[in-house]
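Next come the chains, spelled out residue by residue.
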There are 2 protein chains.
Amino acid sequence: MDEGCVFCGIVAGTVAADVVLDDDVAVAFLDRSPVFKGHVLVVPRVHVVTLTDLATESIGPFFERVQRIARAVPSALDAHGTFVANNNIVSQSVAHLHVHVVPRRKRDGLRGFFWPREKYAAGEAARYADAIRTSLRNA
Amino acid sequence: MDEGCVFCGIVAGTVAADVVLDDDVAVAFLDRSPVFKGHVLVVPRVHVVTLTDLATESIGPFFERVQRIARAVPSALDAHGTFVANNNIVSQSVAHLHVHVVPRRKRDGLRGFFWPREKYAAGEAARYADAIRTSLRNA
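Per chain, residues are indexed from 1 in the order of the written sequence. Chain letters start at A and ligand numbers start at 1, both assigned in the order the entries are written. pLDDT decides what is reported in this predicted model: residues at 70 or higher carry local features, side-chain atom pairs at 80 or more are listed and counted, and totals for whole chains, interfaces and linings draw on all residues regardless. Calculation of side-chain values draws on the structure's entire complement of heavy atoms; hydrogens and water are dropped beforehand.

**With respect to the overall build of chain A**
The helix and strand labels rest on DSSP assignments: H or I over at least four residues marks a helix, E over at least two residues marks a strand, and numbering proceeds from the N terminus. Across its full length, chain A carries four helices and five strands. For chain A, the succession of helices and strands along the chain, N to C, is α-β-β-β-α-β-β-α-α. Considered along the principal axes of its C-alpha atoms, chain A spans approximately 55 × 40 × 25 Å. In chain A, which comprises 139 residues, the share counted as buried stands at 54%. Relative accessibility decides the category of a residue: with a 1.4 Å probe and only protein chains considered, values under 20% of the type maximum give buried, values over 50% give exposed, and everything between is partly exposed.

**Quick word on the packing of aromatic side chains**
Geometry of aromatic contacts follows a simple scheme: Phe, Tyr and Trp rings, the Trp one being its six-membered ring, pair when their centres are within 6.5 Å, and the pair is stacked under 30 degrees between planes, edge-to-face over 60, tilted otherwise. Counted according to the given criterion, the structure contains eight aromatic pairs over all chains. Ring centres of A:F62 and A:F63 lie 5.2 Å apart, and the angle between their planes is 80 degrees; this geometry places the pair in the edge-to-face category. Across the pair, exposure class does not vary: A:F62 and A:F63 are buried alike. An aromatic cluster of three or more residues is present, and its members are A:F62, A:F63, B:F62 and B:F63.

**Concerning helix α4 (residues 124-138) of chain A**
Residue and element names in this part refer to chain A. Expected helix span is taken as 1.5 Å per residue step, with the number of steps being one fewer than the number of residues. Here α4 is 15 residues long and its end C-alpha atoms lie 22 Å apart, about the 21 Å a rise of 1.5 Å per residue gives. Those residues of α4 that sit buried are E124, A125, A129, I132, S135 and L136. One face of α4 carries all of its buried residues, which in axial projection span an arc of 135 degrees. Set apart from the buried face of α4 by more than 90 degrees, the exposed residues are R127, R137 and N138. In this description, the arc belongs to the directions extending from the helix axis to the C-beta atoms.

**Here's the deal with the interface of chain A and chain B**
Across the contact, 72 residues belong to chain A and 72 residues belong to chain B. The term buried area denotes the loss of accessible surface (1.4 Å probe radius) that occurs when two parts are joined, taken as the sum for both partners. Of the roughly 6500 Å² buried at the junction of chain A and chain B (both faces included), carbon and sulfur atoms supply 63%. Here, a salt bridge means any Lys or Arg side-chain nitrogen found within 4 Å of an Asp or Glu carboxyl oxygen. At the junction of chain A and chain B, the tally comes to four salt bridges. The salt bridge partner of B:K37 is A:E124, with a shortest N-O separation of 3.1 Å. Polar contact is the term for a pair of N or O atoms within 3.5 Å; when the atoms are in protein, one must be able to donate a hydrogen and the other to accept it, and sequence-neighboring residues count only if both atoms are side-chain atoms. Viewed at the interface, chain B and chain A are joined by 30 residue pairs in polar contact (both at pLDDT 80 or more). Only β1 (19-22), α2 (56-77), β4 (81-88), β5 (99-104), α3 (111-114) and α4 of chain A provide two or more residues apiece to the side of chain A that touches chain B. Looking at the side of chain A that touches chain B, the element that brings in the most residues is α2(A), giving 16 residues. Here the residues of the side of chain A that touches chain B sort into 37 nonpolar, 18 polar and 17 charged. Contacts are assigned to residue pairs that have any heavy atoms within 4.5 Å of one another. Here the nonpolar group is Ala, Val, Leu, Ile, Met, Phe, Trp, Tyr, Cys and Pro; Asp, Glu, Lys and Arg are the charged ones; every other residue, Gly included, is treated as polar.

**Some thoughts on the pattern of salt bridges**
Residues and elements named next belong to chain B. Summed over all chains, the structure comprises 15 salt bridges over all chains. The salt bridge involving R65 is made with D23; its shortest N-O contact spans 2.8 Å. Here the residue R65 occupies a position in helix α2 (residues 56-77), and D23 occupies one in the loop between β1 (19-22) and β2 (26-30), the gap between them amounting to 42 residues.

**Section: the nonpolar core**
A:F62, A:I69, B:F62 and B:I69 are the most contacted members of the largest nonpolar core, which totals 58 residues. Other than its neighbours up to four places away in sequence, B:F62 contacts B:V25, B:A26, B:V42, B:V43, B:P44, B:L54, B:L97 and B:V99. In terms of nonpolar packing, the next biggest core, distinct from the first, is built from 12 residues, A:V35, A:L110, B:F36 and B:F83 among them. Buried residues of nine kinds, namely Ala, Val, Leu, Ile, Met, Phe, Trp, Tyr and Cys, make up a nonpolar core once their side-chain atoms join them within 4.5 Å.

**As for the relation of the copies chain A and chain B**
Of the two same-sequence chains, chain A is brought onto chain B (RMSD 0.0 Å, axial shift 0.0 Å) by a rotation of 180 degrees. In the structure described here, the two chain copies are related by an operation that fits a two-fold rotation axis. A symmetric contact is evident, with 100% of the interface residues of chain A recurring at the interface of chain B. Here the copies were fitted onto each other by least squares, based on C-alpha atoms from residues at pLDDT of at least 70 in both.

**Side note on the confidence of the model for chain A**
As a per-residue measure, pLDDT tells how confident the predictor is, with possible values from 0 to 100. The share of residues in chain A with pLDDT of 70 or more is 96%, and the mean pLDDT across the chain is 93. Scoring the predicted complex yields pTM 0.95 and, for the interface, ipTM 0.95.

**Details of the sheet that holds β4(A)**
At least two DSSP bridges between two strands are required for those strands to pair. The strand order β1(A)-β2(A)-β3(A)-β5(A)-β4(A)-β4(B)-β5(B)-β3(B)-β2(B)-β1(B) describes an open sheet built from 10 strands, whose pairing is antiparallel. At either end of the open sheet lies a strand with only one pairing partner, and these are β1 of chain A together with β1 of chain B. Direction aside, the axes of adjacent strands within the sheet are offset by 20 degrees on average. Examined bridge by bridge, strand β4 (residues 81-88) of chain B and strand β5 (residues 99-104) of chain B share five bridges and lie antiparallel to one another. For B:G81, the partnering residue across the bridge sits in β5(B) and is B:R104. Lines fitted to C-alpha atoms define the axes, with helix axes restricted to the stretch in contact, and inter-axis angles between N-to-C directions lie between 0 and 180 degrees.

Structure representation (structure tokens):
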């Protein structure tokens, strides 16, 4: 537990939240400013900052909870699907790993601006792939 | 393997891609239209459509690969963090589970429009949470 971390406060029960799941691995609760209503945040009980900080043995149990939420949210809210996302460092508003599960509906207006895209010049993609492969080998 | 699925083709090696990881669990390759260059898609070798279709025993191994990519991408590209996301059904361009790992940098321009937000009326959040809890109990 990290003193001053609002999500650790929710995990500990000292900060109020609309909790939907609370077990030995994770706590899930409504985002107070939802992309769409019913937008849930899933956080591990343990205080880690990003996805890369989560212990290997915790990855399966944690994402099993994310999967359960991704199944329950559209079922509960009569939505068509979900957007499941996590910001690591950049755009991360709270420094405690949290996975967003956002209910999505066809024609909910989110698509058009959601995925701006770039283009690779000739040969450029291969160089990016090579850099990532090298980093994976050295990790 | 699903006939006609382009990601199954990449897994099988019959469709070209800039592959960065290829093992018994997952294949990871560059998105051809990156949000930012170095944007990787991680797919399970097995053909499943959404996160909720992934077998429980595969969740840990699959997201361990996602974590490895989320560690390697910013390291390889001198980025500050990552955006890790998956669209289920709505906005899902290919019907084979794929997790996006997008390199992020401070002031890369993505934040402002990225997370439009709604507001709950008084008492409304509690009703949403209750519906999701009910769905979790019945899942």
